[in-house]
Amino acid sequence: MTGAEYRLCDVALDCSFRTRDARVEREQALAIIDLLESNTFTPIGHGGGPYRLKMETMDGRLALHVTDDNGAHVVSHHLSITPFRRLLKDYARICESYYDAMCRPGLERLQAIDMGRRGIHNEAAELLRERLSAKVRIDKDTARRLFTLMYALLARNSEHRILSS
């Protein structure tokens, strides 16, 4: 069995929400492209993939549904969003600062904001790896991209006040 079998071949987010932000949509699209290009995704106790992942919010939690390439259920995991609340809020604020800085002269400010954004992203990725470790093993880059998708999903879900409260 090769390591390539422990990877995601498809990622879908619940897109039933009305709130749309072109910047968030762009981040989501880039995260999915990067994720499908390179990822490590190993459900505990499963013989191999590739895998399909669907992310959605259910009852105030992040639901991750994993199937194999043929659609057979592998694992579902409902993840509490509470431990991510501060990181999601900080990430939302720093993304806004980053978008504002892109419209202004001064590369140094943009670089400083980007460093802060990467720091939050790394902290959130480690937390995500830890919280998923009982069900799925993922590498750091996969965790970073999944956090971006988590942020995108919650940002477009107007019922979730986690990013604004």
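Residues numbered from 1 in each chain as written. Predicted model: local features only at pLDDT ≥ 70, side-chain atom pairs only at ≥ 80, totals over all residues. Heavy atoms only, no water.

Enquirer: What am I meant to see in the overall build of the chain here?
Expert: Tallying secondary structure elements over the chain gives 4 helices and 6 strands in all. Across the chain, helices and strands are ordered from the amino to the carboxyl terminus as β-α-β-β-β-β-α-α-β-α. Taken over 165 residues, the chain has a buried fraction of 47%. Considering only residue pairs separated by 6 or more positions, the chain has 65% of its internal contacts joining residues 24 or more positions apart. (Helix = DSSP H or I, 4+ residues; strand = E, 2+ residues; numbered from the N terminus. Buried < 20%, exposed > 50% of the residue type's maximum accessible area, 1.4 Å probe, protein only. Contact = heavy atoms within 4.5 Å.)

Enquirer: What is the right way to read helix α3 (residues 107-132) from this model?
Expert: The α-helix winds at 3.6 residues per turn, so residues separated by three or four positions along the chain end up facing the same way. Between its first and last C-alpha, α3 extends 37 Å over 26 residues, near the 38 Å set by a 1.5 Å rise per residue. Buried within α3 we find Leu-110, Ile-113, Asp-114, Arg-117, Ile-120, His-121, Ala-124, Ala-125, Leu-127, Leu-128 and Leu-132. (Expected span 1.5 Å × (residues − 1).)

Enquirer: Hey, could you run me through the packing of helix α2 (residues 85-102) against helix α4 (residues 140-156) in this one?
Expert: Relative placement of two packed helices is described by the angle separating their axes and the distance separating the axes. It is the contact of α2 with α4, at a shortest axis distance of 11 Å, that shows an interaxial angle of 85°. Comparing the axis directions of α2 and α4 gives the class roughly perpendicular. On α4, the residues touching Leu-87, Leu-88, Tyr-91, Ala-92 and Cys-95 of α2 are Phe-147, Thr-148, Met-150, Tyr-151 and Leu-154. Among the residues making up the contact of α2 with α4, the classes are represented as 9 nonpolar, 1 polar and no charged. (Axes fitted to C-alpha atoms, helices over the stretch in contact; angles between N-to-C directions. Parallel < 35°, antiparallel > 145°, perpendicular 65-115°, else oblique. Nonpolar A, V, L, I, M, F, W, Y, C, P; charged D, E, K, R; others polar.)

Enquirer: Looking at this structure, I do not really get the pattern of salt bridges. What am I missing?
Expert: When charged atoms on two side chains of opposite charge get close, those side chains can pair. Per the counting criterion, the structure on display carries 8 salt bridges. Among the salt bridges present, the one from Arg-117 reaches Glu-27, with a minimum N-O distance of 3.7 Å. Taken together, the residues span a long stretch of sequence, with Arg-117 in helix α3 and Glu-27 in helix α1 (residues 22-37) at a distance of 90 residues. Taken individually, Arg-117 and Glu-27 each receive the classification buried, so the pair is uniform in this respect. A salt bridge links Arg-86 to Glu-123; the shortest N-O distance between them is 2.5 Å. Separated by 37 residues along the polypeptide, Arg-86 in helix α2 and Glu-123 in helix α3 bring together distant segments of the chain. Judged by its relative accessible area of 46%, Arg-86 falls in the partly exposed class. Owing to a relative accessible area of 40%, Glu-123 belongs among the partly exposed residues under this scheme. Salt bridges sharing common partners tie together Arg-86, Asp-90, Arg-93 and Glu-123. (Salt bridge = Lys/Arg side-chain N within 4 Å of Asp/Glu carboxyl O.)

Enquirer: I tried to follow the nonpolar core on my own but got confused; where do I start?
Expert: Side chains of a nonpolar character, in soluble globular proteins, are inclined to be buried together. Ranked by internal contacts, the top residues of the largest apolar core, which has 48 residues, are Leu-13, Met-55, Leu-62, Leu-88, Leu-146, Leu-149 and Met-150. Sequence-distant contacts of Leu-13, that is, excluding residues within four places in its chain, are made with Gln-28, Ile-32, Met-55, Leu-149, Ala-152, Leu-153 and Arg-156. (Core = buried A, V, L, I, M, F, W, Y, C linked by side-chain atoms within 4.5 Å.)

Enquirer: For this particular structure, what's the right way to read the sheet that holds strand β3 (residues 51-58)?
Expert: Within a beta sheet, neighbouring strands are joined by backbone hydrogen bonds and run either parallel or antiparallel to one another. Strand order in the open sheet formed by 4 strands is β1-β3-β4-β5, and the pairing between neighbours is mixed. Of all the strands in the sheet, just β1 (8-13) and β5 (73-80) have a single pairing partner and so form its edges. Averaged over all neighbouring strand pairs, the angle between strand axes comes to 20°, with direction disregarded. For β1 and β3, the ladder comprises 5 bridges, and the chain directions are parallel. From the neighbouring strand, Ala-12 faces β3, where its bridge partner is Lys-54. In this fold α3 packs onto β4 (61-68) and β5, with an angle of close to 125° to the strand it touches most, β5. On top of the sheet, α4 reaches β1, β3 and β4; it is set at about 35° to β3, its chief contact. (Pairing = 2+ DSSP bridges.)

Enquirer: Honestly, α1 in this entry has me stumped. Any pointers?
Expert: Here α1 spans 22 Å end to end across 16 residues, near enough to the 22 Å set by a 1.5 Å rise per residue. Within α1 the residues assigned to the buried category are Val-24, Glu-27, Gln-28, Ala-31, Ile-32 and Leu-35. Considered in projection along α1, the buried side chains sweep an arc of 135° and stay on one side of the axis. α1 presents Ala-22, Arg-26, Ile-33 and Glu-37 as exposed residues on the side facing more than 90 degrees away from its buried surface. Elements that come into contact with the buried residues of α1 comprise β1, α2, α3 and α4. (Arc of directions from axis to C-beta.)

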